[in-house]
Each structure stands twice: as structure tokens, then as C-alpha cells.
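# Structure assessment
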Amino acid sequence: MDIREIQPSEIEPARRLLEASGWSHRVSNPDDFRQLVSRSQRALVAVQDGEVIGFLRALTDGMANGYISMLVVAEQHRHRGIGRALVGAVMGNDRRMTWVLRAAREGAGGFYEKIGFVRSEAAMERPGARTSDA
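A brief structural summary. (Residues numbered from 1 in each chain as written. Predicted model: local features only at pLDDT ≥ 70, side-chain atom pairs only at ≥ 80, totals over all residues. Heavy atoms only, no water.)

## So, the sheet that holds strand E1 (residues 2-5)
The pairing of strands in a sheet happens through backbone hydrogen bonds and is either parallel or antiparallel. Just so we agree on the cut-off: Only strands that DSSP links by at least two bridges are regarded as paired with each other. Where helices and strands are cited, they refer to DSSP runs of H or I of at least four residues and of E of at least two residues respectively, numbered from the N terminus. Angles here are taken between N-to-C directions and fall from 0 to 180 degrees, while the axes themselves are lines fitted to C-alpha atoms, restricted in helices to the stretch in contact. Note on contacts: a residue pair is in contact if any heavy atoms of the two residues lie within 4.5 Å.
Strand order in the open sheet formed by 5 strands is E1-E2-E3-E4-E5, with mixed pairing between adjacent strands. Single-partner strands in this sheet number two, and they are E1 and strand E5 (98-101). Averaged over all pairs of adjacent strands, the angle between strand axes in this sheet comes to 25 degrees, irrespective of strand direction. Sheet topology note: the strand E4 (residues 65-73)/E5 ladder contains 4 bridges and is parallel. By the bridge assignment, Gly66 is partnered in E5 with Trp99. Together, strand E3 (51-60) and E4 form the strand contacts of helix H1 (residues 11-20), whose direction differs from that of E3 by roughly 90 degrees. Across the sheet, helix H3 (residues 30-38) is in contact with strand E2 (42-48), E3 and E4; its angle to E3 comes to roughly 55 degrees.

What follows is the structure in C-alpha cells.
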């Protein structure tokens with residue numbers, strides 16, 4: 001398995017992976033997804049035998065703060081350390097950086113706690129309007 005920055009030819013397979021994993025509401029438009037990836041500081045894929053089996057998107061200044069926005073691993077490849085490897089690759093070894101994320105999906109909180117994240121009382125958010133509300 002190879003973890004690397006996403007290549008242009010991997011954007012559509014990554015989008016299809018997200019769709020198959022319940023993210024259709026966020027990635028249904030291929031052009032919007034391509035733009036979303038291009039505007040992200042980090043977009044990584046896990047590739048095995050030429051197939052995109054994992055995807056992570058993050059925003060970071062690379063010095064103090066980072067935000068993991070999307071993480072998905074193909075269902076048949078879960079529980080093999082791929083998600084952990086993607087998170088580790090994007091975070092690097094600088095323990096001074098603070099990383100945040102939203103762990104709303106079922107099982108996400110437990111996964112992130114296992115790799116060192118803690119629940120925070122400090123975070124706040126202003127949710128974006130759904131397409132139908134905009």
C-alpha cells in the first residue's frame with residue numbers, strides 16, 4: 001500500500017470512494033469535488049494495486065494548527081491500519097501542532113481517541129447551510 005498526495009487521475013476514484021461510504025451529500029458534483037481537493041492544503045490517498053482505498057483531506061498552516069476534514073477507507077479495507085496511516089502521514093511528527101476534526105460519524109470518535117485525540121469542550125462551529133437551505 002502506498003500513501004501519497006493525490007494525483008489528478010485519482011480525484012474521481014476518491015470521489016467515488018467517498019460516495020460509496022456515505023458522503024454523497026458532500027461529493028455528488030464531480031467538478032465541485034475537484035475544486036474542493038484543489039483548494040485543500042493536503043489531500044492524501046491510500047492506493048493498493050492501483051486502486052484508491054483511502055482518502056484524507058486536511059487544511060493546515062503546517063506550523064501550529066491543522067484540521068482534518070475528510071477521512072474514509074473502503075469498507076473492505078477497514079481495521080487494517082489504513083486510516084491510522086493516513087492520519088499519521090498528514091500530521092507528521094511535530095507534537096507541537098494542534099489538530100482538530102469533527103467526529104460525528106458513527107465510530108469516528110472511538111477511532112480518533114485510539115490514535116491520541118481527545119474530546120474538546122473548546123471547539124465551536126457555525127454550520128454551513130445545506131444546499132436546499134442556501
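Don't stop here, the text continues.
## Overview of the pairing of E4
Residues in a regular strand project their side chains so that they alternate between the two faces of the sheet. Here is the rule: Here's how the labels work: a residue is buried when its accessible area is under 20% of the maximum for its type, exposed when over 50%, partly exposed in between, all with a 1.4 Å probe on protein chains only.
Counted residue by residue, E4 has 7 buried out of 9 residues, so it is predominantly covered. For E3 and E4, the ladder comprises 7 bridges, and the chain directions are antiparallel. Paired with Gly54 across the strands is Val73, a residue of E4. Joining the antiparallel neighbours E3 and E4 is a turn of 4 residues, in which Gly62 adopts a positive phi near 75 degrees.

## Thoughts on the environment of Ala108
Among the structural elements, Ala108 can be located in helix H5 (residues 108-114). Measuring from C-alpha to C-alpha, the distance between Ala108 and Leu71 comes to 9.6 Å, with 37 residues separating the pair along the chain.

## Re H1
Condition: Working definition: the arc comes from the directions between the helix axis and the C-beta atoms, pointing outward to the latter.
Of the residues making up H1, those classed as buried are Ile11, Ala14, Arg15, Leu17 and Leu18. An end-on view of H1 places all buried positions within 160 degrees of arc, on one side of the element. Where H1 is buried, its residues contact helix H2 (24-27), H3, E3 and E4. Directly beyond the C-terminal end of H1, a positive phi value near 95 degrees is found at Gly22.

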